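Below are the chains, spelled out letter by letter.
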Amino acid sequence: MKDYIQNFPNQIKKACEIAEKIDLGDKFNDINNIVISGQGGSGIGGIIAKNLLQPYCSIPIIINQDYKIPAFVNEKTLFISSSYSGNTEETLVALEKALNKNSQIVCITSSGKLLDQARSHNLSHIILPSGFAPRVMLSFSVIQILCVIKMVLDNKQSLNEVLIELNQIQEKITSFQEIMIVMAKEIVLKMDNKMPFIYTFPEFEGLALRFKQQLNENSKRHAVYNLIPEMNHNEIVAWNKKNLCSIPIFINLNETSQQNKKRMQINKSQISKYVEEVIELNSDMIKFNSTSNLFEYFYFIHIIDWISFFLAERDGVDPNTIEPID
């Protein structure tokens, strides 16, 4: 796991090289909505891509994490079926339903039944490097989904701009990786044995979910997340008494409204009265000029992955094993 996380910047580069070769031809047109179907490590790629695209995309993007698919899916739906292994049961069943609706389909996988289905039905598909745990292949999932949607809805020039920015991100993360490792170790010390409650803005839901999932799988820790402002209408009430077993973690990044930024500060102020420690991941931790939420997203994915690894190391658990899932 340590090697995989260390290799994250190089994965971004390799994912961009795959994306550069995507050729969808003229098969996709008159798209009214987008459905991204996937679970776990593959599913979160869709959530992150949705976060990144939502400010610019003029049609709905829906994340589908079930055997069923929405009733609105039809021949004008761009249906992206994402399963790293290619054998995810829910994703395969959902794909069959999308085929019955004559949707415009792209499959993203490394192998398995999904690749067989793509070939047998002559579906557009992207093949990823095989033989890895899905959670360590996140950059491949995010980048392919992001680039497919950009190519279908925008144009090749728009795709090229994204790839240029991603390559710049790869270079920056490589340059600052040792500093990021130090940050991760400092955060692990603060977390101690407490249960994390992760809070962020809707624009960064994928980042909070990634944090939770990596703590679950790598660190073998429970964790929960919620979003601001929604948590101000319910969960904030539960923080009105001393809580020594929990650690609130705020992901406070730039791409949100000023109202939400203010809400986060009020939340921190209120909650800090009742806990021993509050952790904040914010844009000041970025050691170079950040120009977009794409920079912020990949930078903090890398820090979060290191946190989950060092927490596993501290607790003496194996970050590679996932027997209950198997």
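Residues numbered from 1 in each chain as written. Predicted model: local features only at pLDDT ≥ 70, side-chain atom pairs only at ≥ 80, totals over all residues. Heavy atoms only, no water.

### Thoughts on the overall build of the protein
Within the protein one finds 10 helices and nine strands. In terms of overall size, the protein behaves like a compact globule, its C-alpha atoms giving a radius of gyration of 20 Å where 326 residues would be expected to give roughly 20 Å. Within the protein, the proportion of its 326 residues that are buried is 55%. Of the contacts formed within the protein by residues at least 6 apart in sequence, a portion of 79% connects residues at least 24 apart. Averaging the coordinates of the 32 positive side-chain charges in the protein and doing the same for the 36 negative ones gives two points 4 Å apart. (Helix = DSSP H or I, 4+ residues; strand = E, 2+ residues; numbered from the N terminus. Rg over C-alpha atoms; globule rule 2.2 N^0.38 Å. Buried < 20%, exposed > 50% of the residue type's maximum accessible area, 1.4 Å probe, protein only. Contact = heavy atoms within 4.5 Å. Lys, Arg positive; Asp, Glu negative; His and termini not counted. Charge placed at Lys NZ, Arg CZ, Asp CG, Glu CD.)

### Thoughts on the sheet that holds strand β7 (residues 224–227)
Strands sit in the order β7-β6-β8-β9 across an open sheet of four strands; the sheet is parallel. One side of each edge strand has no neighbouring strand; the edge strands of this open sheet are β7 and β9 (279–282). Each strand axis lies, on average, 20 degrees off the axis of its neighbour in the sheet, ignoring direction. In the packing of helix α9 (residues 258–271) onto the sheet, contacts are made with β6 (195–200), β8 (246–252) and β9, and the angle to β8 comes to roughly 160 degrees. (Pairing = 2+ DSSP bridges. Axes fitted to C-alpha atoms, helices over the stretch in contact; angles between N-to-C directions.)

### A short note on helix α2 (residues 8–20)
Between its terminal C-alpha atoms α2 stretches 19 Å, which fits the 18 Å expected from 13 residues at 1.5 Å a residue. Residues of α2 that are buried include every one of Phe-8, Pro-9, Gln-11, Ile-12, Ala-15, Cys-16 and Ala-19, and no others. Here the buried residues of α2 occupy an arc of 155 degrees about the axis, which is enough to place them on one side. (Expected span 1.5 Å × (residues − 1). Arc of directions from axis to C-beta.)

### Concerning helix α10 (residues 293–315)
Between its first and last C-alpha, α10 extends 32 Å over 23 residues, near the 33 Å set by a 1.5 Å rise per residue. Of all 23 residues that make up α10, 20 are buried, and the element is covered over most of its length. One or two residues past the end of α10 sits Gly-316, with phi positive at roughly 70 degrees.

### Description of the environment of Ile-5
The topology assignment puts Ile-5 in helix α1 (residues 2–6). C-alpha separation for the pair Ile-5 and Ile-286, spaced 281 residues apart in sequence, amounts to 18 Å.

### Overview of the packing of aromatic side chains
Under the defined criterion, the tally for this structure stands at nine aromatic pairs. With 5.4 Å between their ring centres and 70 degrees between their planes, Phe-309 and Phe-310 make a pair best called edge-to-face. A residue is classified by how much of its surface remains accessible, and Phe-309, at 9% relative accessible area, is buried. On the accessibility criterion, Phe-310 (8% relative accessible area) is buried. Across from the ring centre of Tyr-56, 6.0 Å away, lies the NZ or CZ of Lys-150, which sits over that ring. (Phe/Tyr/Trp six-rings, centres within 6.5 Å; stacked < 30°, edge-to-face > 60°. Lys NZ or Arg CZ within 6 Å of the ring centre and 35° of its normal.)

### Concerning the nonpolar core
By size, the foremost hydrophobic cluster in this structure holds 98 residues, and its most contacted members are Ile-34, Leu-166, Leu-281 and Phe-298. Counting residues in each nonpolar core, the second largest holds 14 residues, with Val-35, Val-73, Leu-92 and Leu-123 among its members. (Core = buried A, V, L, I, M, F, W, Y, C linked by side-chain atoms within 4.5 Å.)

### Concerning the side chain of Gln-104
Among the structural elements, Gln-104 can be located in strand β4 (residues 104–109). By relative accessible area, which is 12% here, Gln-104 ends up buried. At 2.9 Å, the side chain of Gln-104 forms a polar contact with the backbone oxygen of Glu-75. Every residue in contact with Gln-104, bar those within four places of it in the chain, is listed here: Lys-27, Phe-28, Asn-29, Asp-30, Ile-31, Glu-75, Lys-76, Thr-77, Leu-78 and Phe-79. (Polar contact = N/O pair within 3.5 Å; in protein donor to acceptor, adjacent residues only side chain to side chain.)

### Re the sheet that holds β4
Across the sheet, five strands lie side by side as β2-β1-β3-β4-β5; this open sheet has parallel pairing. Because the sheet does not close on itself, it has two edges, and the strands there are β2 (61–64) and β5 (124–127). Pairwise comparison of adjacent strand axes, ignoring direction, gives a mean angle of 15 degrees for this sheet. Here strand β1 (residues 33–37) runs beside β2; their pairing, made up of four bridges, is parallel. Looking at β2, one finds that Ile-36 is bridged to Ile-63. Across the face of the sheet, helix α4 (residues 89–100) comes into contact with β1, β2, β3 (77–83) and β4 while running at roughly 160 degrees to β3.

### Notes on the packing of helix α6 (residues 138–153) against α10
Where α6 meets α10, the axes come as close as 12 Å, and the angle between the chain directions of the two elements is 160 degrees. As summarised for this structure, α6 and α10 are arranged roughly antiparallel, according to the angle between their axes. As α6 packs across α10, the resulting crossing turns out to be right-handed. Residues Leu-138, Ser-139, Val-142, Ile-143 and Leu-146 of α6 form the contact with α10, whose participating residues are Leu-294, Phe-298 and Ile-301. Across the contact of α6 with α10, the residue classes break down as seven nonpolar, one polar and no charged. (Parallel < 35°, antiparallel > 145°, perpendicular 65-115°, else oblique. Left-handed = near helix turned anticlockwise from the far one by under 90°. Nonpolar A, V, L, I, M, F, W, Y, C, P; charged D, E, K, R; others polar.)

### Let's talk about the packing of α2 against α6
Packing of α2 against α6 leaves a shortest axis separation of 9 Å and a crossing angle of 30 degrees. Crossing handedness for the pair α2 and α6: right-handed. In this structure, α2 uses Phe-8, Gln-11, Ile-12, Lys-14, Ala-15, Cys-16, Ile-18 and Ala-19 to contact α6, whose residues at the interface are Ser-139, Phe-140, Ile-143, Gln-144 and Cys-147. When its residues are assigned to classes, the contact of α2 with α6 shows nine nonpolar, three polar and one charged.

Note that all results are geometric; they support no functional claim without further evidence.
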